[in-house]
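Analysis of the macromolecular model
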Amino acid sequence: LQVKDVARAASTLRTIASRAGGLVVAEEVSSDPSVTADVEGGDAPDAPSAWGTVTISVPTEKLDATLDEVAKVGTVLSRQSSTADVTAQYVDTAARVETMKASVERVRALMSKADRLADIVSLEAELSRRQADLEAMQQQLAALDDQVTLSPVTVRLSTDADALTTQEDPTGFLAGLASGWDAFTTSVRLLLTLIGALLPFAVATAVVVAPLVLWWRRRRVTVTTPA
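This report concerns the structure included in the present document. (Residues numbered from 1 in each chain as written. Predicted model: local features only at pLDDT ≥ 70, side-chain atom pairs only at ≥ 80, totals over all residues. Heavy atoms only, no water.)

1. Quick look at the overall build of the protein chain
For the record, the criterion: Runs of E in the DSSP output that reach at least two residues are strands. Runs of H or I that reach at least four are helices, and both are numbered from the N terminus. Categorising residues by exposure relies on relative accessible area from a 1.4 Å probe, with only protein chains included: less than 20% of the type maximum marks a residue as buried, more than 50% marks it as exposed, and the intermediate range marks it as partly exposed. It only takes one pair of heavy atoms within 4.5 Å for two residues to be counted as in contact. Per-residue accessibility takes into account occlusion by the displayed protein chains alone, with areas from the Shrake-Rupley method and a 1.4 Å probe.
Within the protein chain, the regular secondary structure consists of five helices and three strands. The secondary structure elements of the protein chain, listed N-terminal to C-terminal, are α-β-β-α-α-α-β-α. A total of 227 residues make up the protein chain; the buried ones form 19% of that total. Sequence-distant contacts, at least 24 apart, represent 73% of the contacts inside the protein chain between residues at least 6 apart. Taken as a whole, the protein chain presents about 16,600 Å² of accessible surface, with 59% of it coming from carbon and sulfur.

Structure (structure tokens):
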């Protein structure tokens, strides 16, 4: 959404979530005074560019009405939606929770019949482990319940329409050409860096080796010259 006031728009989104019986999951609002954006209307001076992201979660049955309310907060520049089918995962997790509950009850029944200290200690450790597994599965089931009953809505806000322009899909010939050029320039920079690092050593070696080579050649000429 392109809006006139990001902070006010974020406040409106919080109100929309509350009115729908939902909640605000995450919110981030920022502004950059060094960057200005044109204010709608053209008469007012440029205002500092501001942006933000607000994620709300509302009951699934109120999702469509909530989206209509969100669209009224500003100018909709783009909109995307997706769904996920968690039916199989939900059924499987619910069955595992019931199985683990029965397992915990069996261990408790065994503890009530145990009369040796070693058996009681062993059964207590096993009961603690199974209860921890049961609680973990119950938390997974609760998370799936939230996915089924609540729908998240993430809204990107900005006073600058250019900041909300959807990025192009990084595929195709031009994207490949750009990636190849970046890789080529990176390789060249690395090569030049390596050459620059080795150059002082090469110069120092040349200073030492060159006189020795010259001396060796002169010595060979002197030795081979006939008397």
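Alright, that's what it looks like, and here's the rest.
2. Observations regarding the nonpolar core
Our working definition: Grouping buried Ala, Val, Leu, Ile, Met, Phe, Trp, Tyr and Cys residues that are joined through side-chain atoms within 4.5 Å yields what is termed a nonpolar core.
One finds L13, V155 and L157 to be the most contacted residues of the largest nonpolar core, which totals 18 residues. Beyond its immediate stretch of four places on either side in the chain, V155 contacts L1, L13, G52, T53, V54 and V70. Grouped together as the second largest cluster of nonpolar side chains are nine residues, M100, V107, L127 and L134 included.

3. What about the environment of D145?
Here D145 lies in helix α4 (residues 117-149). Along the chain, D145 and Y90 lie 55 residues apart, while their C-alpha atoms are 8.1 Å from each other. In this structure, D145 is in contact with Y90 and L150, ignoring residues within four places of it in sequence.

4. Some details on the pattern of salt bridges
Definition in use: The term salt bridge refers to a pairing of a side-chain nitrogen on Lys or Arg with a carboxyl oxygen on Asp or Glu at a separation within 4 Å.
Within the structure shown, the criterion is met by eight salt bridges. In this structure, the salt-bridge partner of E105 is R108, at a minimum N-O distance of 3.3 Å. Of this pair, E105 and R108 both sit in helix α3 (residues 87-113), separated by three residues, roughly a single helical turn. Accessibility expressed as a relative area gives 46% for E105, which makes it partly exposed. The closest approach of N and O atoms between E126 and R129, which form a salt bridge, is 2.4 Å. With E126 and R129 both in helix α4, this residue pair falls three residues apart, about one helical turn. Residue classification places R129 among the partly exposed positions, given a relative accessible area of 43%. Overlapping salt bridges, with partners in common, bring together E126, R129, R130 and D133 in one network.

5. A look at the environment of V70
Within the secondary structure, V70 sits in helix α2 (residues 63-71). For the pair formed by V70 and T12, sequence separation is 58 residues and the distance between their alpha carbons is 8.6 Å. Once you skip the residues sitting within four places of it in the chain, V70 turns out to touch L1, L13, I16 and V155.

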